[in-house]
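The chain contents come next:
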Amino acid sequence: MTDGDDQKPPAPATAATPPPADQQPSAGVPPPADAVPRAPAPPVDKAAAEAALRALESELLSDEEKPKVAAAAAASREPAVTGTPAVTGGTPIIKPLAPAKPVPVVVFDKVTKTYGKFTAIKDVSFTIDDHPGRGEMVPILGPSGCGKSTVIRLIAGLTPQFPQTSGKVLVDGKIIRGPGSDRGMVFQDYTSFDNRTVLENVAFGLECRGVPRSERLDRARLWIGKVGLSIKKDADKYPSELSGGMRQRVAIARTLILEPRIILMDEPFGALDPPTRARMQDLLVELWREQSPTVFFITHSVEEAVYLGDHVLIFSSSPGTILKEVKVPPPDRPAKELQRDPKFLELVYDIKDTIEQLESSQRGGD
Ligand SMILES: Nc1ncnc2c1ncn2[C@@H]1O[C@H](COP(=O)(O)OP(=O)(O)OP(=O)(O)O)[C@@H](O)[C@H]1O
Ligand SMILES: [Mg+2]
């Protein structure tokens, strides 16, 4: 837990949720260059691009070629920018670029983590693809101690799990060097500053980023509402005055307000009662659709994993490794409704059977 009087803002990388002392990543270390969130591409100024291309052409082309290129450009509706008009004798001299292959959001390549002689995870490999405009939801299932937290803390770049003993962990195609503000973590134990109000807790990450006070408080109020807390009644309360479910909403708001591209959630709803849990699942799906992050979500509930859908990773233990990856359709209606659907239940039982079979075959092979 946070001891409360540590008000020094940690590196923005960890601002989403100040972790307990033992989870504190190298505080004060600025996030690596590759951890900076992607800046939106500036709008393309077609006229300027065309002018630049013209200038380039006039440098590269011979006097004989220039009139042909100019004529072809005039005949084209989309001049120069596409590259099609730059022709000599009918042969394109500037070919359109082949579409770039999308870089996966996260890659684990034969990742092993050992503590002394104990192997926590062994040769874990998976790839989470980038879907522009729609991040992937990645529920992680597996027995206690199989290495689920190890896996997401490696993605977060948090010690002592990070760095791995062998293998590669790539985020957006780059080897990670520590925590970064492109990755936000929601811990199992609802971490918040005890001596800050809900509003101040939610605004904390923006404070670390230097957002002016009135703007950060306005945005924090918006997020308090989004996670279903009352701006009027709850914003000025302290964490000790909240229920577990409310504290978890604060933790979620603290992370999502920073709009990280990758959200890492370690059993975030484990301690909630079933109705609150179903509401939080719906909320997560709603926010996921709004912001399109890639969400890693550890759970012990097959129902929850199937509801959240997409790309379920099933782990086995001793040492932790991936038993199976299952693709599940994303939810098309509220949790309470979908979880009664016979097709949903069939999928849940299929996955439960798969886990049982894989585990017993693994035991047999031991
Ligand atoms: N710092 C550490 N030192 C030694 N062993 C560790 C350390 N951290 C984790 N482990 C061990 O690594 C294994 C995987 O731990 P991890 O916390 O990743 O499991 P988990 O799947 O998240 O379990 P749970 O579902 O109970 O949270 C466990 O056996 C754990 O005891
Ligand atoms: Mg765990």
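Our subject is the structure that appears above.
The model shown is predicted, which means the values in this text are computed figures rather than measured ones.

Conventions and cut-offs
Residues numbered from 1 in each chain as written. Chains lettered and ligands numbered in written order. Predicted model: local features only at pLDDT ≥ 70, side-chain atom pairs only at ≥ 80, totals over all residues. Core = buried A, V, L, I, M, F, W, Y, C linked by C-beta atoms within 7 Å. Buried ≥ 20, exposed ≤ 12 C-beta atoms within 10 Å, placed from the backbone. Helix = DSSP H or I, 4+ residues; strand = E, 2+ residues; numbered from the N terminus. Pairing = 2+ DSSP bridges. Near = placed C-beta within 6 Å. Nonpolar A, V, L, I, M, F, W, Y, C, P; charged D, E, K, R; others polar. Contact = placed C-beta atoms within 7 Å. Axes fitted to C-alpha atoms, helices over the stretch in contact; angles between N-to-C directions. Parallel < 35°, antiparallel > 145°, perpendicular 65-115°, else oblique. Left-handed = near helix turned anticlockwise from the far one by under 90°. Expected span 1.5 Å × (residues − 1).

(A) Quick peek at the nonpolar core. Ranked by internal contacts, the top residues of the largest apolar core, which has 78 residues, are Ile-155 and Val-202. The dominant element in this core, judged by the number of residues it contributes, is helix α4 (residues 198-208), at seven residues.

(B) Local environment of the pairing of strand β4 (residues 118-128). As judged from the seven bridges shared by strand β3 (residues 106-115) and β4, these two strands associate in the antiparallel manner. When the bridges of β4 are listed, Thr-114 appears paired with Thr-119. Linking β3 to β4, which pair antiparallel, is a turn of two residues; within it Gly-116 sits at a positive phi near 60 degrees.

(C) Seen up close, unusual backbone geometry. The omega angle of the peptide bond from Thr-159 to Pro-160 is 0 degrees, so this bond is cis rather than trans. Within the secondary structure, Pro-160 is located in the loop between α3 (148-156) and β6 (166-171). Of note, the amide linkage connecting Phe-162 to Pro-163 takes the cis form, showing an omega dihedral of 0 degrees. Assignment of secondary structure puts Pro-163 in the loop between α3 and β6. Backbone geometry at Glu-267 places phi at a positive 45 degrees, although glycine is not the residue there.

(D) Quick look at the site of ligand 1. Taken together, Tyr-115, Phe-118, Ala-120, Gly-142, Ser-144, Gly-145, Cys-146, Gly-147, Lys-148, Ser-149, Thr-150 and Pro-160 are the residues near ligand 1. When contributions to the shell around ligand 1 are tallied by element, the ones reaching two or more residues are β4 and α3. Per element, the largest residue contribution to the shell around ligand 1 is three residues, and it comes from α3. Of the residues that constitute the shell around ligand 1, the class distribution is five nonpolar, six polar and one charged.

(E) Main features of the environment of Gly-228. Of note, Gly-228 is situated in the loop between α5 (213-226) and α6 (231-234). Judged by the 17 C-beta atoms lying within 10 Å of it, Gly-228 falls in the partly exposed class. Through-space distance from the C-alpha of Gly-228 to that of Ala-253 is 9.9 Å; in sequence the pair is 25 residues apart. Discounting chain neighbours no more than four positions away, the residues touching Gly-228 are Arg-249, Arg-279 and Leu-283.

(F) Spotlight on the packing of α4 against α5. Where α4 meets α5, the closest approach of the two axes is 8 Å, and the angle between their N-to-C directions is 120 degrees. In terms of their interaxial angle, α4 and α5 are classed as oblique. Once α4 is placed against α5, the crossing between them reads as right-handed. Each of Val-198, Leu-199, Val-202, Ala-203, Leu-206 and Glu-207 in α4 lies in contact with α5, whose residues at this interface are Arg-216, Leu-217, Arg-219, Ala-220, Arg-221, Trp-223 and Ile-224.

(G) Summary view of the environment of Leu-287. Topologically, Leu-287 is positioned in helix α8 (residues 274-291). Along the primary structure Leu-287 and Lys-226 are separated by 61 residues, whereas in three dimensions their C-alpha atoms are 8.6 Å apart.

(H) Structural detail: the sheet that holds strand β8 (residues 183-186). One open sheet holds the six strands; their spatial order is β8-β9-β10-β5-β11-β12, and the pairing between them is mixed. The open sheet has two edge strands, β8 and β12 (321-328), and neither has a second partner. The mean angle between the axes of side-by-side strands here comes to 15 degrees, regardless of whether they run parallel or antiparallel. Pairing between β8 and strand β9 (residues 262-266): four bridges, direction parallel. Directly across from Val-186, in β9, lies its bridge partner Met-265. Its contacts with the sheet place helix α7 (residues 244-256) against β8 and β9, and it is angled at close to 175 degrees to β8.

(I) Quick look at the sheet that holds strand β7 (residues 174-175). Pairing within the open sheet is antiparallel, and its four strands lie in the order β4-β3-β6-β7. The open sheet terminates on both sides in strands that have one partner only, identified here as β4 and β7. Two strands pair when backbone bridges link them, and β3 and β6 are joined in this way by five bridges, in the antiparallel orientation. Bridge assignment links Phe-108 to a residue of β6, and that residue is Val-169. Running at roughly 65 degrees to β4, α3 makes contact with β3, β4 and β6 of the sheet.

(J) Spotlight on α8. For α8, which comprises 18 residues, the first-to-last C-alpha distance of 25 Å matches the rise-based estimate of 26 Å (1.5 Å per residue) to within 8%. Those residues of α8 lying buried are Arg-277, Ala-278, Met-280, Gln-281, Leu-284, Val-285, Leu-287 and Trp-288. Where α8 is buried, its residues contact β5 (137-141), α7, β10 (294-298), α9 (302-308) and α10 (335-338). In the segment just after α8, Ser-292 is the residue with positive phi, at about 50 degrees.

(K) Layout of α4. Of all 11 residues making up α4, nine are buried, and the element is well covered by its neighbours. Residues of α4 that are buried include every one of Val-198, Leu-199, Asn-201, Val-202, Ala-203, Phe-204, Gly-205, Leu-206 and Cys-208, and no others. For α4, the elements touching its buried residues are α5, α6 and α7. With its phi angle positive at about 80 degrees, Gly-210 sits one or two positions after the end of α4.

(L) The packing of α4 against α7, seen in detail. The contact between α4 and α7 brings their axes to 7 Å, and the two run at 30 degrees. Judged on the interaxial angle alone, α7 and α4 are roughly parallel. Here the hand of the crossing between α4 and α7 comes out right-handed. Contacts from Val-198, Asn-201, Val-202, Phe-204 and Gly-205 of α4 reach α7 at Val-250, Ala-253 and Arg-254. Of the residues in the contact of α4 with α7, the class split is five nonpolar, two polar and one charged.

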